[in-house]
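# A look at the structure
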Amino acid sequence: MTSSPTAAPSREQLLHSLYEAAELEHNLMCTYLYAAFSLKQGEAEGLQPQEAEAVARWRREIIAVAVEEMGHLVAVWNITAALGGAPRIGRGNFPLDPGYLPARVVVKLAPFSDATLQHFIYLERPEGSPEADGDGFAAERLFTRGTDAPRVTPMARDYDTVGHFYGTLAADLQAFVAEHGEAGSFCGDRTLQLGPTELTLGGARPVLCSKTALAAFDAIVRQGEGAPSDSETSHYHRFAAIRAELAALRAANATFEPAWPAATNPVLRRPPRPEGRVWLENPVAAGTVDLANASYQLMLRLLAQAYLLPGPSAEKSLHVDLAIGLMRAFTPLAEHAARLPAGPSHPGCHAGASFTALRDTAAMPPGPAARRFVRERLAQLAGTAAALHAALGAERTGRAAAQLQALSERAERGLDLAAPVTTAPAPNVATPPPPAEAVDGVEIVQGRDVELRFEARRCIHARLCVTGAPKVFLANTPGAWLYPDAMPVERLVDIAHACPSGAIQVRRKDGQPDEAPPPVNLLQVREAGPYGLRGDLRLRGAPLGTRATLCRCGASRNKPFCDGSHHDIPFTATGEPATGLLGLPTDMPAVRNGRIAIEPEPNGPLQLRGPVEVVSGTGRMVCRVAQARLCRCGGSATKPFCDGTHASNGFVAP
């Protein structure tokens, strides 16, 4: 994802753009779920066996895309919190008024159909795609939101695709960090973010710096909106595959209707502006949608509450668990609504959950009052669900009632009204944090016996530091996080020397020698990952230390260093090349150590000069060379060595 340089925005403008990103991801998630819940299920609902199998698969696929949108939403929330803002949990109600988003980004609730599916494809299309929007989804009128005039007031921007929007947002973030620095930019309390401790979701990774924030933006684009059209796992490609299968089934059966005729933009009462909306007059349908909406609203408030609770903590995790549980109760209610008639004003039209948002989903101040509110509201929802199921006796309302009752009981057990307000966990050290300084992107902290240095751009998150020395490296902690005096110096030195990327370095102050180059220079080829290099390293003539991990997938934004992008592409390459590959020597050389000069060739390979023993990921010797040209475009057929493919596959690198 690339964008042209931009002037640094204000923090207010940056947060304003992130709020729009959050609403966009949130809106798309709702529209996808609405279409999925309208799909028929099984032969009992009128489908032929082959059709039933296909429609069930489409439902799973659309819901999986919606879950990925939720991951994108959490990623945007975490970036917002990292910048010191409060995540935007709420959104506008459907359908969105013109001007809320760019003219060509129309968002409304509609059941699954050819037109709705084409609309999804249009929203997820890559840049330059000729895809048209679905019938009935064209904008009421074209308009321009943005302005070229400088403004102090945060202003919305126009964009053709969501991928374009994130490209601009990434450029804004880079400019902001360049002006304010990493620490000044990412000044939010890291413990407030949602991470793997709270939920397992693609975007639920702590945002610590520009590297992790930009990686989140890139992952959103590659996985979802704006991904390249040849990406088989992108949302665009997955929706296009459903379109092709739908056309084939329609050709075989002209009467095939995969979905119930759920309402477009359902509402619970006749609105002041009824155009483009369906109001629900059927009391059973309205009651079902009312309970579904209330469950959805409480889910949002619980997530907002989770972002006020420092973690990891049992209370923070419980809020997230209750929120996810509410979504599981919402699902059968939304499916049931799509199978009920809307009312006499709209004959032939069914109901649908409207995802009505509260006027304000802001969290309540943490403490007994907030806990009491959650317990009261869950008890109310459970009681309403029990009454609804008693009246209807439907299988789906029964599932929802059981789920809501279980959630209410769990809240009663887990939310102690007498417990003190949760506070951020204190660092597990006895002494105050030593002051840190930053020099050329390296954090430097002076300890009693060592100088501890951390270079974020080289970190590959191997986690040997935070697991081996958790009192020295306080992961996801606001403010100071490096405490070199929190463990014996020899053990700390061992942990630092184990860091594969060289991001962690120590300089001894107790008269003992610093880290020496290894007796044998090694180049380890890691399975579907980077090169691990050991030796007396020089990068373009400058000392690099004795450890480095270098990109070989071609996707790192921090070349020549690895930044973990091989996980996102995904990159596939063996870590077990054959011994004696390309006829290269395996004989023992007279000299096995010494200086290794690393020279990245422009748009080409990594040139190494110096004795190197190439080993596989399991440590098996592959060959021994005095110089090598290593592939770093990811395309060579003779990996790990360059075969010239970079000249034809468009690889670009300094």
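Here the residue numbers are simple positions, counted from 1 along each chain's written sequence. Owing to the predicted nature of the model, reporting of local features is limited to residues with pLDDT of at least 70; listing and counting of side-chain atom pairs is limited to 80 or more, with chain, interface and lining totals taken over all residues. Based on all heavy atoms of the structure, the side-chain values leave hydrogens and waters out of the count.

By the naming in an unreviewed UniProt entry, the protein is Ferritin-like domain-containing protein, taken from Pelomonas lactea.

What follows is about the overall build of the protein. In this description a helix means any DSSP run of H or I spanning at least four residues, a strand means any run of E spanning at least two, and both kinds are numbered starting from the N terminus. Along the protein, the regular secondary structure elements total twelve helices and twelve strands. This radius of gyration counts C-alpha atoms alone. The globule rule is 2.2 Å times how many residues there are, raised to the power 0.38. Against the 2.2 N^0.38 benchmark of 26 Å for 654 residues, the protein shows a C-alpha radius of gyration of 28 Å, consistent with a compact globule. In terms of overall dimensions, the protein has C-alpha extents of about 90 × 65 × 55 Å along its principal axes. Burial status across the protein gives 54% buried among its 654 residues. Taking the intrachain contacts of the protein between residues at least 6 apart in sequence as the baseline, contacts between residues at least 24 apart amount to 69%. Within the structure as shown, the protein displays about 27900 Å² of accessible surface, and the carbon and sulfur contribution to it stands at 55%. Categorising residues by exposure relies on relative accessible area from a 1.4 Å probe, with only protein chains included: less than 20% of the type maximum marks a residue as buried, more than 50% marks it as exposed, and the intermediate range marks it as partly exposed. Contact between two residues is taken to exist if any of their heavy atoms lie within 4.5 Å; hydrogens are not considered. What sets the accessible areas is the Shrake-Rupley method with a 1.4 Å probe; for residues, cover comes only from the shown protein chains.

Ring pairs are drawn from Phe, Tyr and Trp, using the six-membered ring of Trp, whenever the two centres fall within 6.5 Å, and their geometry is named by plane angle: stacked under 30 degrees, edge-to-face over 60, tilted for the rest. Overall, the coordinates contain 15 aromatic pairs when judged by the stated rule. Centre to centre, the rings of Phe-37 and Phe-330 are 6.1 Å apart; their planes meet at 55 degrees, and the pair counts as tilted. With Phe-37 in helix H1 (residues 11–37) and Phe-330 in helix H8 (residues 314–337), this residue pair connects regions lying 293 residues apart in the sequence. In terms of burial, Phe-37 and Phe-330 fall into one category: buried.

Moving on, we come to the side chain of His-26. In this structure, His-26 sits in helix H1. For the purposes of these results, a polar contact is taken to be a pair of N or O atoms within 3.5 Å, where, inside protein, one atom must be able to donate a hydrogen and its partner to accept one; residues adjacent in sequence count only when each atom of the pair is a side-chain atom. A polar contact is formed between the side chain of His-26 and the backbone oxygen of Ile-89, at a distance of 3.3 Å. Apart from residues lying up to four places away in sequence, His-26 is in contact with Leu-73, Ile-89, Gly-90, Arg-91, Tyr-296 and Leu-300.

Moving on, we come to helix H5 (residues 210–223). A helix is expected to span 1.5 Å multiplied by its residue count minus one. Spanning 14 residues, H5 covers 20 Å between terminal C-alpha atoms, matching the ideal 20 Å at 1.5 Å per step. For H5, the buried fraction is high: ten of the 14 residues fall into the buried class. Buried within H5 we find Ser-210, Lys-211, Thr-212, Ala-213, Leu-214, Ala-216, Phe-217, Asp-218, Ile-220 and Val-221. Buried residues belonging to H5 abut H1, helix H2 (49–82) and helix H4 (162–185).

Moving residue by residue along a regular strand, the side chains alternate between the two faces of the sheet. Examined bridge by bridge, strand E11 (residues 606–615) and strand E12 (residues 621–630) share eight bridges and lie antiparallel to one another. When the sheet's bridge partners are listed, Leu-606 is paired in E12 with Leu-630. For two strands to be treated as a pair, DSSP must find at least two bridges joining them.

Right, let's get into the nonpolar core. Generally speaking, nonpolar side chains in soluble globular proteins are found buried as a group. The criterion is simple. A nonpolar core is a set of buried Ala, Val, Leu, Ile, Met, Phe, Trp, Tyr and Cys residues joined through side-chain atoms within 4.5 Å. Among the nonpolar cores identified, the biggest contains 123 residues, and Trp-58 and Phe-112 are the most heavily contacted of them. Those residues in contact with Trp-58 that lie beyond four places of it in its chain are Leu-39, Phe-112, Ile-242, Glu-245, Leu-246, Leu-249, Phe-256 and Pro-258. Judged by nonpolar contacts, the second largest core, of 27 residues, contains Leu-523, Leu-537, Val-622 and Cys-633.

Moving on: the UniProt feature "domain: Iron-binding zinc finger CDGSH type" (unreviewed entry) in the protein. Here, the residues flagged by UniProt with the feature "domain: Iron-binding zinc finger CDGSH type" (unreviewed entry) are residues 528–572 and 613–652. Secondary structure content for residues 528–572 is 0% helix and 40% strand, while the C-alpha to C-alpha distance between its ends is 5 Å. Summarising residues 613–652: 0% helix, 32% strand, and an end-to-end C-alpha distance of 28 Å. UniProt positions are given in the numbering used here, feature names are shortened, and annotations may be inferred rather than shown by experiment.

So, about the environment of Pro-283. Note on placement: Pro-283 falls in helix H7 (residues 283–306). On the accessibility criterion, Pro-283 (66% relative accessible area) is exposed. For the pair Pro-283 and Leu-268, spaced 15 residues apart in sequence, the C-alpha separation works out to 9.9 Å.

Once that is clear, we can look at the sheet that holds strand E4 (residues 442–446). With antiparallel pairing, four strands are arranged side by side in an open sheet as E3-E4-E5-E6. Edge positions in the sheet fall to strand E3 (436–439) and strand E6 (504–508), since each of these pairs with one other strand and no more. Each neighbouring strand pair of the sheet contributes to a mean axis angle of 25 degrees, computed without reference to strand direction. Across five bridges, the pairing between E4 and strand E5 (residues 450–455) is antiparallel. Within E5, the residue paired with Val-442 across the bridge is Glu-455. Axis angles are defined between N-to-C directions and span 0 to 180 degrees, where every axis is a line fitted to C-alpha atoms and, for a helix, only to the segment in contact. The strands that helix H12 (residues 489–498) touches are E5 and E6; relative to E6, the one it contacts most, it runs at about 140 degrees.

Turning to H1, a few remarks are in order. End to end, H1 covers 39 Å across 27 residues, agreeing with the expected 39 Å (1.5 Å per residue, within 8%). Across the 27 residues that make up H1, a large majority, 23, are buried.

This part is about the environment of Lys-316. With respect to the helices and strands, the residue Lys-316 is situated in helix H8. The exposure class assigned to Lys-316 is buried, which follows from its relative accessible area of 0%. Sequence spacing of Lys-316 and Arg-328 is twelve residues, and the spatial spacing of their C-alpha atoms is 19 Å. There is a polar contact of 2.7 Å between the side chain of Lys-316 and the backbone oxygen of Leu-309.

For the bond from Ile-569 to Pro-570, the omega torsion is -5 degrees, close enough to zero to count as cis. Looking at the element boundaries, Pro-570 is found in the loop between strand E9 (542–550) and strand E10 (595–600). The omega torsion of the bond from Lys-639 to Pro-640 falls at 10 degrees, within 30 degrees of zero and hence cis. Located in the positive-phi region is Asn-603, a residue other than glycine, with phi close to 55 degrees. As for its placement among the helices and strands, Asn-603 is situated in the loop between E10 and E11.

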